[in-house]
Amino acid sequence: QVPEAPPVVETLTLGADAYFDFDQATLKPAGRAKLDRLANDLRRVPSVTSVLVVGHTDSKGTDTYNYRLGQRRADTVASYLVSRGVPGSLITARSRGEADPVAPNTLPNGRDNPEGRALNRRVVITVTAKERVISQ
């Protein structure tokens, strides 16, 4: 008996430049276009077992507020994928708020770092399947 191949796990990060303005959970046109391609990929591959959508924020605002904003961003992306034919049963949407920055929100001198904060405003989508899914 041949052992089953391990699942293929791929990640797609939707950055603030194309997806979310400061304090917003509204998709921009470039974000919708990328999600349209992802939805096509997800519908094309029948072996997809899960799509995890995680919303992130920068550190402006309270932890509680940012957690909710991250959840709104994740929910926006999840709802958009469902509207494009991806089964909702595959999708889990959650928030990490400001907990997992990928860039400093402030500069070493303590001043604001708008470029870093913009990088932290993102949604990370992790797709698990038996084969490669993401074509972009």
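Shown above is the structure to which this text applies.
Residues numbered from 1 in each chain as written. Predicted model: local features only at pLDDT ≥ 70, side-chain atom pairs only at ≥ 80, totals over all residues. Heavy atoms only, no water.

Q: What should I look at first to understand the overall build of the chain in this one?
A: Broken down by element type, the chain carries 3 helices and 4 strands. Starting at the N terminus and walking to the C terminus, you meet the elements of the chain as β-α-β-α-β-α-β. Summarising its shape, the C-alpha atoms of the chain cover approximately 60 × 30 × 25 Å along the three principal directions. Restricting the contact set of the chain to residue pairs at least 6 apart, pairs at least 24 apart contribute 73%. Of the roughly 7400 Å² of accessible surface on the chain, a fraction of 53% belongs to carbon and sulfur atoms. Seen as two clouds, the 19 positive and the 15 negative side-chain charges of the chain have centres 2 Å apart. (Helix = DSSP H or I, 4+ residues; strand = E, 2+ residues; numbered from the N terminus. Contact = heavy atoms within 4.5 Å. Areas by Shrake-Rupley, 256 points an atom, 1.4 Å probe, with all protein chains shown as cover. Lys, Arg positive; Asp, Glu negative; His and termini not counted. Charge placed at Lys NZ, Arg CZ, Asp CG, Glu CD.)

Q: Any chance you could explain the pattern of salt bridges here in plain terms?
A: Any two side chains of opposite charge can pair, so long as their charged atoms come close to each other. All told, the structure shown has 8 salt bridges when counted by the stated rule. Notably, a salt bridge pairs arginine 84 with aspartate 36, separated by 2.9 Å at the nearest N-O pair. One end of the pair, arginine 84, is in the loop between helix H2 (63-83) and strand E3 (91-97); the other, aspartate 36, is in helix H1 (residues 29-44), and 48 residues separate them in sequence. For aspartate 41, the salt bridge goes to arginine 44, with nearest N and O atoms at 3.4 Å. Of this pair, aspartate 41 and arginine 44 both sit in helix H1, 3 residues apart, which is roughly one turn of the helix. Because the salt bridges share partners, they merge into one network encompassing Asp58, Lys60, Asp112, Arg117 and Arg121. (Salt bridge = Lys/Arg side-chain N within 4 Å of Asp/Glu carboxyl O.)

Q: Would you explain the sheet that holds strand E4 (residues 122-129) in this entry?
A: Backbone hydrogen bonds hold the strands of a sheet together, and the pairing may be parallel or antiparallel. Here we have 4 strands laid out as an open sheet, ordered E1-E4-E2-E3, and mixed in their pairing. Each having just a single partner strand, strand E1 (8-15) and E3 make up the two edges of the open sheet. Across this sheet, the average inter-strand angle for adjacent strands is 20 degrees, counted without regard to direction. Alignment of E1 against E4, held across 8 bridges, turns out to be antiparallel. (Pairing = 2+ DSSP bridges. Axes fitted to C-alpha atoms, helices over the stretch in contact; angles between N-to-C directions.)

Q: Even after reading the chapter, I still don't get the side chain of asparagine 105, so can you show me in this structure?
A: Note that asparagine 105 resides in the loop between E3 and helix H3 (114-120). Residue classification places asparagine 105 among the buried positions, given a relative accessible area of 12%. The contact partners of asparagine 105, leaving out residues within four places of it in the chain, are Asp58, Ser59, Asp112, Asn113, Arg117 and Asn120. (Buried < 20%, exposed > 50% of the residue type's maximum accessible area, 1.4 Å probe, protein only.)

Geometric descriptors of this kind do not, in isolation, establish any biological role.
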